Amino acid sequence: MNTPGSLTYVYAVTHRTGPLGDALAGLHGIGQAPLRLLPLTADPTDSAPSTSLASLAFVASDVPEQDFNETALKNHFEDLDWLEYVARTHHDVVQAVAARAPVLPLRMATVYQDDHRARLALSAQQGVFGQRLDQLRAHTEYGVKIYLTPEATQPPPEAPAPAASPGKAYLQARRAQRHSRDAVYQQAEQAAETIEAIASRHATQRVRHAPQRGELTGPQENVVNDAYLIPDDQAGQFQAAIADAAQRFPDLRIEVTGPWAPYSFAMTAPGPTDAPEPPP
């Protein structure tokens, strides 16, 4: 039941269970609103779903209509502080659910006019949601990133040739820098191939994300930014194998992130007919 002047914000799809419901009772979503499981049926007597599909539920909370209507969202998507807060809270809720049950993360700022509209969307997609949750069960996402450090792409210091003119010295320095960068890029390619070989033994799926740029990487250059879906019983082996491989590439920084809820392996959330679409 929505409070007056609110919309229904959904964070993820999961299977409702008693322990998960108890855990959510102590957690909060955006604006410190209480979280709730929003099942397919609003029947309060339906406490024991008979099938996996029947147990599907949105993880939801109320959000103020004045902050999440179409006009407000257009303005808020220009407000980096607001975006950071909503994204972080959305992520924290999804991670809390992932620690207790299979979870299918939904897109940030997926809102519905009310619980009834949200249930209609859940019902329309229940087959897809159920199938995807089964595929993600007992799996976790890990990221693997390869960075070129600034030091690795600089040529080794050399004493200038005594008779070299300023122009010739400059060209020699540029050639040495180019050769140094080429060698590091070749090392990065070898590292990427090594990681792919390791992942082929453990991962069930992979997604290649675009390398990060700008403030996200600082002075380092990100050349590989992949996500892997790893069975939980192989996560330790996967991480250990990557850490061991990283030692063979001293001019690179190879970073494993996670465990994460499977954001990279969730389909796009269904677009509510009565709510705005976030910009790409």
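Check the entry above for the structure.
First things first, this report covers the structure right here in the doc. Being a predicted model, the structure only gives us computed values, none of them experimental. (Residues numbered from 1 in each chain as written. Predicted model: local features only at pLDDT ≥ 70, side-chain atom pairs only at ≥ 80, totals over all residues. Heavy atoms only, no water.)

It is worth spelling out the overall build of the chain at this point. Secondary structure summary: the chain contains eight helices and nine strands in total. Buried residues in the chain amount to 43% of all 280 residues. When contacts within the chain are restricted to residue pairs at least 6 apart in sequence, those whose partners lie at least 24 apart make up 82%. Split by element, the accessible area of the chain, about 15,000 Å² in all, is 53% carbon and sulfur. (Helix = DSSP H or I, 4+ residues; strand = E, 2+ residues; numbered from the N terminus. Buried < 20%, exposed > 50% of the residue type's maximum accessible area, 1.4 Å probe, protein only. Contact = heavy atoms within 4.5 Å. Areas by Shrake-Rupley, 256 points an atom, 1.4 Å probe, with all protein chains shown as cover.)

Every regular strand shows the same layout, with side chains that alternate between the two sheet faces. Across the nine residues of strand 3 (residues 56-64), eight count as buried, placing the element largely inside the fold. Bridge analysis of strand 2 (residues 36-39) against strand 3 gives four bridges, and the strand direction is antiparallel. In the strand pairing of strand 3, Leu-38 is matched with Phe-58. (Pairing = 2+ DSSP bridges.)

With that settled, consider the pairing of strand 8 (residues 221-231). With nine of its 11 residues buried, strand 8 lies for the most part within the structure. As judged from the 10 bridges shared by strand 6 (residues 139-148) and strand 8, these two strands associate in the antiparallel manner. Bridge assignment links Ile-146 to a residue of strand 8, and that residue is Val-224. Examined bridge by bridge, strand 7 (residues 205-208) and strand 8 share four bridges and lie antiparallel to one another. Across the sheet, Arg-206 pairs through a bridge with Tyr-228, a residue of strand 8.

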